[in-house]
Amino acid sequence: MATISDVAARAGVSTATVSRALNGKSTVDPALAARVVAAADELGYRPNGPARNLRKQETAVLALIISDVENPFFTAISRGVEDVAHAAGYSVVLCNSDDDPAKEREYLDVALQERVAGVLLSPTGREESAALLRAHAVPVVALDRPLPGGGDTVLVDSGGAARSATLHLADQGYRRIGCLTGPSGMPTADARLAGYRDGLRTAGLADAGLVRHTEFRAAGARRAARQLMDRPEPPDALLVANNAMAVGVLETLGELGLRPGRDVGVIAFDDAPWATLLDPPLSVVAQPAYDMGALGAQLLLRRIGGDVGEPATRTLSAHLVARGSTARR
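The rules we used
Residues numbered from 1 in each chain as written. Predicted model: local features only at pLDDT ≥ 70, side-chain atom pairs only at ≥ 80, totals over all residues. Heavy atoms only, no water. Helix = DSSP H or I, 4+ residues; strand = E, 2+ residues; numbered from the N terminus. Buried < 20%, exposed > 50% of the residue type's maximum accessible area, 1.4 Å probe, protein only. Areas by Shrake-Rupley, 256 points an atom, 1.4 Å probe, with all protein chains shown as cover. Lys, Arg positive; Asp, Glu negative; His and termini not counted. Charge placed at Lys NZ, Arg CZ, Asp CG, Glu CD. Contact = heavy atoms within 4.5 Å. Pairing = 2+ DSSP bridges. Right-handed = clockwise from strand over helix to strand, strands pointing away. Core = buried A, V, L, I, M, F, W, Y, C linked by side-chain atoms within 4.5 Å. pLDDT = per-residue confidence, 0-100. Expected span 1.5 Å × (residues − 1). Axes fitted to C-alpha atoms, helices over the stretch in contact; angles between N-to-C directions. Parallel < 35°, antiparallel > 145°, perpendicular 65-115°, else oblique. Nonpolar A, V, L, I, M, F, W, Y, C, P; charged D, E, K, R; others polar. Salt bridge = Lys/Arg side-chain N within 4 Å of Asp/Glu carboxyl O.

(A) Layout of the overall build of the chain. Of the regular secondary structure elements, the chain holds 12 helices and 12 strands. Considering only C-alpha atoms, the chain reaches an extent of 70 × 45 × 35 Å along its principal axes. Relative to its full complement of 329 residues, the chain shows a buried share of 49%. Accessible surface for the chain amounts to roughly 14,800 Å². Of this, 51% is attributable to carbon and sulfur atoms. A gap of 1 Å separates the mean positions of the 35 positive and 38 negative side-chain charges of the chain.

Here it is, written out as structure tokens:
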């Protein structure tokens, strides 16, 4: 018997698109829908109507859509969500959006189709996703980044943390402090850049244009760090916007024969498990990722339980952990 995956493979689309097309959703392009229907006919696929009819009520399932579970920050968030949800009798379905709005939309479509009780989301920033959730009146809590248009949100004071990290570097005697942050327009990336610049002003240091925007991944940080270090007057310290980017920065410094703490100060957001294993250990801005996930799940469960109060924004504090990579010698 043909499955929905077989139809998706034949039509060259995702299973979510097959489901939307066969259910007559207007969000599917007509030509694409026709291709799906043709593939289903060729394979003799028929949706399981009785099974769908059993799903008239919402399930005891929460959808958690994050950027990348390989990032320890999001791993800790996921654990916080799962612990709270499990204790309340809910299961959690984990999805990685890779910060791709199209992938985020596919997972939201699946979540709606499966009638999940609620959604926890680290938004890519597209208004379409927020509008879709509101149109279906699905309880949602945004994690780490605000949902366009507002709603329940759990954040970390990224700007204040970046300011503190920059001031720490200045206190250690660094004077040409650079910043590697995420894509321009992404709230966390912009907040960290603003905090860095505020820290420079407070320390009386000039903004020497030592800033690079890149994706929140090692590959982008490798390229960005190389660009900064190849300058005639390179930075003597770097503030790095997350732990995945820190890996790329450390790789570039190693290729250039530069040692953190001796040649270049390095401090990064997120206290990854490997940070203390380096020589010297990596200074970090430790974010309460587990607490973010747990608090987000608690807010969501209250909404599912009928709380109709005004949207709440909870902002948690991060803290600086100074180690050898910023101890100037």
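(B) Expanded view of the environment of V18. Relative to the elements of secondary structure, V18 occurs in helix α2 (residues 15-22). The spatial distance from the C-alpha of V18 to the C-alpha of I4 is 7.1 Å, given a sequence separation of 14 residues. If we skip the residues at most four places from it in the chain, V18 touches I4, V7, A8, V13 and V36.

(C) Spotlight on the pairing of strand β3 (residues 118-121). Side chains G118 and L120 project from β3 onto one buried face, and the interleaved V119 and L121 project onto a second face that is buried too. As judged from the four bridges shared by strand β1 (residues 61-66) and β3, these two strands associate in the parallel manner. Across the sheet, the residue bridging to L62 is G118, located in β3. Inspection of the sheet shows β3 paired to strand β4 (residues 140-143) by three bridges, in the parallel sense. In the sheet register, L120 faces β4, and the bridge partner there is V141. This β-α-β element, β3 to helix α7 (residues 127-135) to β4, shows right-handed connectivity.

(D) Region of interest: the nonpolar core. Core analysis: the largest hydrophobic core is formed by 41 residues, its most contacted members being I177, L180, Y196, L238, L239, V240 and V249. Taken together, the elements giving at least two residues each to this core come down to α8 (158-171), β6 (177-181), α9 (187-203), α10 (218-229), β8 (237-240), α11 (243-255), β9 (265-269) and β10 (283-286). Ignoring anything within four residues of it in the chain, the contact list for V240 reads L180, M245, A246, V249, V266, I267, A268 and F269. In terms of nonpolar packing, the next biggest core, distinct from the first, is built from 26 residues, L62, F73, M292 and L295 among them.

(E) Examining the confidence of the model for the chain more closely. Within the chain, residue pLDDT values average 90, and 94% of them lie at 70 or more. The weakest mean pLDDT in the chain belongs to helix α4 (residues 49-53) at 43; the strongest belongs to β8 at 98. Counting interchain partners and residues more than four positions distant, the pLDDT-below-50 stretch residues 49-56 has five contacts.

(F) Quick peek at α2. Within α2, six of the eight residues are buried, leaving the element largely enclosed by the surrounding structure. Where the residues of α2 are buried, they touch α1 (4-11), α3 (30-43) and α6 (101-113).

(G) Highlighting α8. Across its 14 residues, α8 extends 20 Å between first and last C-alpha, which sits within 8% of the 20 Å expected from 1.5 Å per residue. Buried within α8 are the following residues: S158, G159, A161, A162, A165, T166, L167, H168, L169 and A170. Where α8 terminates, the next one or two residues include G173, which has phi positive at roughly 100 degrees.

(H) A look at the packing of α2 against α3. The geometry of α2 relative to α3 is characterised by a closest axis approach of 9 Å and an angle of 95 degrees between their N-to-C directions. In terms of orientation, α2 lies roughly perpendicular with respect to α3. Here α2 contributes T17, V18, A21 and L22 to the contact with α3, which in turn contributes L32, A33, V36, V37 and A40. When the residues that make up the contact of α2 with α3 are grouped by side-chain class, the tally is eight nonpolar, one polar and no charged.

(I) How the structure looks around the pattern of salt bridges. The tally for this structure, following the rule as stated, stands at 19 salt bridges. When the shortest N-O distance is used, the salt bridge between E42 and R10 registers 2.7 Å. Residue E42 is located in helix α3, and its partner R10 is located in helix α1; the two are separated by 32 residues in the primary sequence. The exposure class assigned to E42 is exposed, which follows from its relative accessible area of 55%. In this structure, the salt-bridge partner of R105 is D109, at a minimum N-O distance of 3.1 Å.

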